[in-house]
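Reading the structure
The lines below spell out each chain.
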Amino acid sequence: MIASELLTGPPWGGQWPADGQVLEVPTPAPGPHWRVLRTRLERMGLEFDPNLHDELGLVGYTLRLRNAQLGIGAVQRPSGLHLALTAVLCRGMEREGLAVAALDRANRDLRLGQMLFYPGPPAELTFYATAPWALVDDDLFAPYLAAVLREVEDVGFAAVTLVRGVHPSDIPELWQQLENVLQGLMAGQSPEDSPDSPPGSEPSEPGDRPPPAEPSAATRSEHKPVRTKRKSKPPTH
Amino acid sequence: MAAPFPCQEAVLSCGGSARFAVLGEMEQTIDSPGNLPTAPDLQQLRAWLDAAGVPAVQWLGPAEQPSGVGAWYPTHLQTLELRTLHGLRWLVLQSTFCAKPRRGVAVQPLLAHANLQMEAGRWYRLLKPTRLACSYEVPAHLIDVTQLLEVWERFRREVVQHGIELTLRTRSERWIDALAAKGVRPPPKARAKRRPVRTEVL
């Protein structure tokens, strides 16, 4: 969010409240449970941020964890209010073809919650668990959260390993690498030629480069694909 | 193969069992969750299901020490168990819906799609024999009759909705039919009480 938007008003419209007044944030699940949830998280000593959707408003709290993006919030369903917990385990993966198989295996091995696969891009493996709000009170909240996280730890990361998932925290680095590749392409070089170019470096101007020389016969022959004789299969007896 | 990114390296290097940073702080809480309310036992859960008119309820496992409760619906068998996991008591609802899906390759994407649509529970594939099952777990410590019936009915609706679609799209048989072929059938219905013969002359 840019600073000018913060100065003019909240991202979902309206006005910032006066000093000392509580900010009323729109949410798809309005009610006092948000304050309850915040108190519970604070009591556990967790660091968290409100997850503010551009149109919906407050949809949950994001916990700052080392190796997962964890969201926790209240969801209003036809059957009542539910506590929902989401953990994005990886965003982007090297072996996306194995994602569905990894998902199936993880869902079979899980003893609570469920794993989801969002095709993307970028493809995501996500853990999701939900329980009726009334079944997780103040005393049960911490053990419940711990149990769910332990289950993700036991099962979820095996799926991430199988698909060679790119962790959400690595995404900025991924973008940086992609930017380097694109800059290399724009400069007319292959990405392998300049892998270590800094992310903010300007591509060299086309006029700065020397004009391409006519390829000599020697270089032409160098570029010619080398053909090798195909080996015939050994005779089978 | 070396992972290109540091976090990925961390995950790969410990064989996929990287720990949540927050878990270290929670160990104490997990191992001694404190004085939690006692979850109702299986007898109580079955009594609540019987009283609500859930059809053909029966014990699962040996009669002396049942492992859970099952209810026979026209389309599937839905079971309920109590399990202890990570220091908490959980109510585990399960149902196996489809048997021997014929479209082997297509099953996994269809399950992934069904899982995206599920609000409660997850679909997965079990092997030998191949079958598609669905599970849902909620903490059992605070469950009462209203919550139990709410969770039970919601799970039943979702299982039927996605189970029928999965059966059709994977060209499966119904697991309930496979059970019937093995001789596992719903308990016989209790006979209705005969009305006394009216003797008075109208």
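Before reading on, note that the structure itself is shown above.
Looking now at the overall build of chain A. Within chain A, the secondary structure is distributed over 6 helices and 6 strands. Listing every helix and strand of chain A by position from the N terminus yields α-α-β-β-β-β-α-β-β-α-α-α. Expressed as a percentage of its 237 residues, the buried residues of chain A come to 41%. Summarising the internal contacts of chain A: among those between residues at least 6 apart in sequence, 55% fall at separations of at least 24. Surface accessibility of chain A: about 14000 Å² in total, with carbon and sulfur atoms responsible for 55%.

All chains considered together, the criterion is met by 3 aromatic pairs over all chains. Taking 5.9 Å as the distance between ring centres and 75° as the angle between the ring planes, the aromatic pair formed by W34 of chain A and Y61 of chain A counts as edge-to-face. In this pair, W34 of chain A is assigned in helix 2 (residues 33–43) and Y61 of chain A in strand 2 (residues 57–64), connecting sequence segments 27 residues apart. Y61 of chain A matches W34 of chain A in its accessibility class, with the two residues each being buried. With 5.2 Å between their ring centres and 75° between their planes, F48 of chain A and Y61 of chain A make a pair best called edge-to-face. With F48 of chain A in strand 1 (residues 48–53) and Y61 of chain A in strand 2, the pair connects residues that are 13 residues apart, well separated along the chain. Taking relative accessible area as the criterion, Y61 of chain A reaches 4% and is therefore assigned buried. Among the aromatic side chains, those forming a connected cluster through ring pairs are W34, F48 and Y61 of chain A. Sitting over the face of the ring of W59 of chain B, R46 of chain B holds its NZ or CZ atom 4.9 Å from the ring centroid.

A few words now on the nonpolar core. Residues L37, L41, I72 and Y144 of chain A are the most contacted members of the largest nonpolar core, which totals 54 residues. Of the residues forming this core, the biggest block, 13 residues, is contributed by helix 4 (residues 138–163) of chain A. Setting aside anything within four residues of it in sequence, one finds L41 of chain A in contact with L46, F48, Y61, L63, I72 and F141 of chain A. Membership of the second largest hydrophobic core comes to 37 residues, among which are L91, A106, V107 and Y136 of chain B.

We now examine the packing of helix 3 (residues 42–51) of chain B against helix 5 (residues 145–169) of chain B. Residues and elements named next belong to chain B. For the pair helix 3 and helix 5, interaxial distance at closest approach is 10 Å and the crossing angle is 70°. Viewed along their axes, helix 3 and helix 5 adopt a mutual orientation that is roughly perpendicular. Contacts from L45, W48 and L49 of helix 3 reach helix 5 at V145, L148, L149 and W152. Looking at the contact of helix 3 with helix 5 residue by residue, the class counts come to 7 nonpolar, no polar and no charged.

With that settled, the discussion passes to the layout of surface pockets. Within this model, the largest pocket holds a volume of roughly 600 Å³. Around the largest pocket, the lining comprises 34 residues; the ones closest to its centre are V59, V75, A84, T86 and Y128 of chain A. Taken together, the elements giving at least two residues each to the lining of the largest pocket come down to strand 2, strand 3 (69–77), strand 4 (80–91), strand 5 (114–118) and strand 6 (124–132) of chain A together with helix 4 (104–117) of chain B. It is strand 3 of chain A that contributes the most residues to the lining of the largest pocket, 9 residues altogether. Across the lining of the largest pocket, the residue classes break down as 18 nonpolar, 13 polar and 3 charged. One number sums up the size of the second largest pocket: a volume of about 420 Å³. Lining the second largest pocket are 16 residues, with L23, V25, W34, R38 and L58 of chain A positioned closest to its centre. Elements supplying a minimum of two residues to the lining of the second largest pocket: helix 2, strand 1 and strand 2 of chain A. In terms of residue count, helix 2 of chain A provides more of the lining of the second largest pocket than any other element does, 3 residues in total. Of the residues in the lining of the second largest pocket, the class split is 11 nonpolar, 2 polar and 3 charged.

On to empty space enclosed by the protein, then. Following the criterion strictly, the structure yields 2 cavities of 30 Å³ or more and no others. By volume, the largest cavity is sized at about 80 Å³. Along its surface, the largest cavity is lined by L112, G113, Q114, Y128, A129, T130, Y144 and V148 of chain A together with W90, G121, Y136 and E137 of chain B. Mapped by element, the contributors of at least two residues to the lining of the largest cavity are strand 6 and helix 4 of chain A together with strand 6 (131–139) of chain B.

Bringing the side chain of T27 of chain A into the picture now. Residues and elements named next belong to chain A. Looking at the element boundaries, T27 is found in the loop between helix 1 (3–8) and helix 2. What makes T27 buried here is its relative accessible area of 16%. Looking at T27, its side chain comes within polar contact range of the main-chain oxygen of L58, at 2.7 Å. Discounting residues that sit within four places of it in the chain, T27 has contacts with W34, L56 and L58.

This paragraph deals with helix 2 of chain A. All names here are of chain A. For helix 2, every residue scored as buried is listed here: H33, W34, L37, R40 and L41. Buried residues in helix 2, looked at end-on, bunch into an arc of 125°, giving them a common side. Along helix 2, exposed side chains directed more than 90 degrees from the buried face belong to R35 and R43. Directly beyond the C-terminal end of helix 2, a positive phi value near 75° is found at G45.

Residue and element names in this part refer to chain A. In total, this model carries 14 salt bridges over all chains according to the counting rule given. The salt bridge involving R111 is made with E151; its shortest N-O contact spans 3.1 Å. With R111 in the loop between helix 3 (99–109) and strand 5 and E151 in helix 4, the pair connects residues that are 40 residues apart, well separated along the chain. You can call R111 partly exposed: its relative accessible area is 38%. Accessibility expressed as a relative area gives 0% for E151, which makes it buried.

About the criteria used
Residues numbered from 1 in each chain as written. Chains lettered and ligands numbered in written order. Predicted model: local features only at pLDDT ≥ 70, side-chain atom pairs only at ≥ 80, totals over all residues. Heavy atoms only, no water. Helix = DSSP H or I, 4+ residues; strand = E, 2+ residues; numbered from the N terminus. Buried < 20%, exposed > 50% of the residue type's maximum accessible area, 1.4 Å probe, protein only. Contact = heavy atoms within 4.5 Å. Areas by Shrake-Rupley, 256 points an atom, 1.4 Å probe, with all protein chains shown as cover. Phe/Tyr/Trp six-rings, centres within 6.5 Å; stacked < 30°, edge-to-face > 60°. Lys NZ or Arg CZ within 6 Å of the ring centre and 35° of its normal. Core = buried A, V, L, I, M, F, W, Y, C linked by side-chain atoms within 4.5 Å. Axes fitted to C-alpha atoms, helices over the stretch in contact; angles between N-to-C directions. Parallel < 35°, antiparallel > 145°, perpendicular 65-115°, else oblique. Nonpolar A, V, L, I, M, F, W, Y, C, P; charged D, E, K, R; others polar. 1 Å grid on protein atoms, 1.4 Å probe; cavity = no way out; pocket = protein on both sides within 12 Å on 5 of 7 lines; lining within 4 Å. Points joined across faces, edges and corners; volume = space filled by probe spheres on them. Polar contact = N/O pair within 3.5 Å; in protein donor to acceptor, adjacent residues only side chain to side chain. Arc of directions from axis to C-beta. Salt bridge = Lys/Arg side-chain N within 4 Å of Asp/Glu carboxyl O.

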